[in-house]
Amino acid sequence: MTISITWHGHATFSLDVNGTTLVVDPFFAGNNPAAKTAVTAISAHYILQTHGHADHIADTVALAKRTGAQVICNFEIGNWIMKQGHDNCHTMNTGGGYNFPFGRVKMTPALHSSGLPDGSYGGDPGGFLLHVDGRTIYIAGDTALFSDMGLIGVVGLDVAILPIGDNYTMGPDDSLLALEYLNPKVVIPGHYNTWPPIAVDVADWANRVRANTAVKPIVPVVDEPFTV
Ligand code: NI
Ligand code: MN
């Protein structure tokens, strides 16, 4: 089976796994300058929330309420979402995994911060390691490079989605080092070119990945699904 992935701009992705749609960090047109689609046109069965920053959570509550999607997130963000009237949250914390109907999700560490848009405490930032349909997909979230990525890579990764924009997260240089620890078959970049401080020459980044690693880079086009 193949898994279909769509990049919506910035760090927002949809993954279609055998008809189940997972939306990562909902941030859509009107809020997200890189997005073309409004949240009202998005479908979701589950929402994977890496952390509480507005460029990841601005459209989460709207999407969750309209679709009824279950939000998979840390405990503090889950409480914040439930206070806004959406009760369907599955809360987790770093290092914990859970078997959902679509596959297993483990919350991984991220080296970042996680304050919520209204100043509420958002717990620790994270990423997700998915075991879905026989494939392993690592969604790093917003993070710096850290050597414990080697522990995440031990399971054998099919796909890694990494931030490359620099300034707020790791940049192109550190993303290449991250690939040495993670050793996925495919890498997909995110969290770049949304605003000037995270501008990246993504074609140059992809050339460096091909020249320096055995990993295949896939540079997505906004709203054009591709399979992995
Ligand atoms: Ni962030
Ligand atoms: Mn961010």
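Reading the values: rules and limits
- Residues numbered from 1 in each chain as written.
- Chains lettered and ligands numbered in written order.
- Predicted model: local features only at pLDDT ≥ 70, side-chain atom pairs only at ≥ 80, totals over all residues.
- Heavy atoms only, no water.
- Pairing = 2+ DSSP bridges.
- Helix = DSSP H or I, 4+ residues; strand = E, 2+ residues; numbered from the N terminus.
- Contact = heavy atoms within 4.5 Å.
- Axes fitted to C-alpha atoms, helices over the stretch in contact; angles between N-to-C directions.
- Salt bridge = Lys/Arg side-chain N within 4 Å of Asp/Glu carboxyl O.
- Buried < 20%, exposed > 50% of the residue type's maximum accessible area, 1.4 Å probe, protein only.
- Donors = N, O, S within 2.8 Å, 3.2 Å for Na, K, Ca; no water.
- Polar contact = N/O pair within 3.5 Å; in protein donor to acceptor, adjacent residues only side chain to side chain.
- Tetrahedral: all angles 85-135°; square planar, octahedral: opposite > 155°, others 65-115°.
- Arc of directions from axis to C-beta.

A few points about the sheet that holds strand β8 (residues 103-109)
Two pairing modes exist for strands in a sheet, parallel and antiparallel, and in both the strands are linked by backbone hydrogen bonds.
Thinking step 1. Taken together, the 7 strands give an open sheet; going across it, the order is β7-β8-β9-β10-β11-β12-β13, and neighbouring strands pair in mixed fashion. Two strands close off the open sheet at either side, each with one partner strand: β7 (97-100) and β13 (216-217).
Thinking step 2. Together, β10 (135-139), β11 (159-163) and β12 (186-190) form the strand contacts of helix α5 (residues 172-182), whose direction differs from that of β11 by roughly 150°.

As for the pattern of salt bridges
Thinking step 1. In total, this model carries 3 salt bridges according to the counting rule given.
Thinking step 2. Here Asp158 and Arg135 are joined by a salt bridge, their closest N and O atoms 3.8 Å apart. Taken together, the residues span a long stretch of sequence, with Asp158 in the loop between α4 (149-153) and β11 and Arg135 in strand β10 at a distance of 23 residues. By the burial criterion, Asp158 is buried, and Arg135 matches it.
Thinking step 3. By sharing partners, the salt bridges in this structure join Arg135, Asp158 and Lys185 into a single network.

Considerations on the coordination of the manganese ion (ligand 2)
Thinking step 1. For the manganese ion (ligand 2), the protein coordination sphere consists of Asp55 (OD), His56 (NE2), Asp142 (OD) and His191 (NE2), at 2.1 to 2.2 Å.
Thinking step 2. Look at where the donors of the manganese ion (ligand 2) fall in the sequence and you get D-H-x85-D-x48-H.
Thinking step 3. The distance between the manganese ion (ligand 2) and the nickel ion (ligand 1) is 3.0 Å, with Asp142 acting as a donor to both metals. Pair noted here: Asp55 is in helix α1 (residues 54-57) and His191 is in the loop between β12 and α6 (202-212), with a separation of 136 residues, a long-range link.
Thinking step 4. With relative accessibility at 2%, the residue His191 sits in the buried group.

Concerning the environment of Gln49
Thinking step 1. By secondary structure assignment, the location of Gln49 is in the loop between β4 (46-48) and α1.
Thinking step 2. Each C-alpha atom of the pair Gln49 and Ala69 lies 12 Å from the other, and the pair is 20 residues apart in sequence.
Thinking step 3. Only 3.1 Å separates the side chain of Gln49 from the backbone oxygen of His51, close enough to count as a polar contact.

Brief notes about the coordination of the nickel ion (ligand 1)
Thinking step 1. Protein-derived ligands of the nickel ion (ligand 1) are His51 (NE2), His53 (ND1), His112 (NE2) and Asp142 (OD), with the metal-ligand distances lying across 2.2 to 2.3 Å.
Thinking step 2. For the nickel ion (ligand 1), the 4 donor atoms are set out with angles of 89 to 176° between them, so the coordination reads as irregular.
Thinking step 3. Written as a sequence motif, the donor arrangement for the nickel ion (ligand 1) is H-x1-H-x58-H-x29-D.
Thinking step 4. His51 sits in the buried class, given a relative accessible area of 0%.

Describing helix α3 (residues 75-83)
Thinking step 1. Buried residues of α3: Ile77, Gly78, Trp80 and Ile81, and no others. Down the axis of α3, the smallest arc covering the buried residues is 160°, so these residues share one side.
Thinking step 2. Residues of α3 that are buried sit in contact with α1, α2 (60-67), β5 (70-74) and β6 (89-92).
Thinking step 3. With a side-chain oxygen lying 3.2 Å from the backbone nitrogen of Glu76, the N-terminal cap of α3 falls on Asn74.
Thinking step 4. Downstream of α3 by a residue or two, Gly85 has a phi angle that is positive, lying close to 95°.

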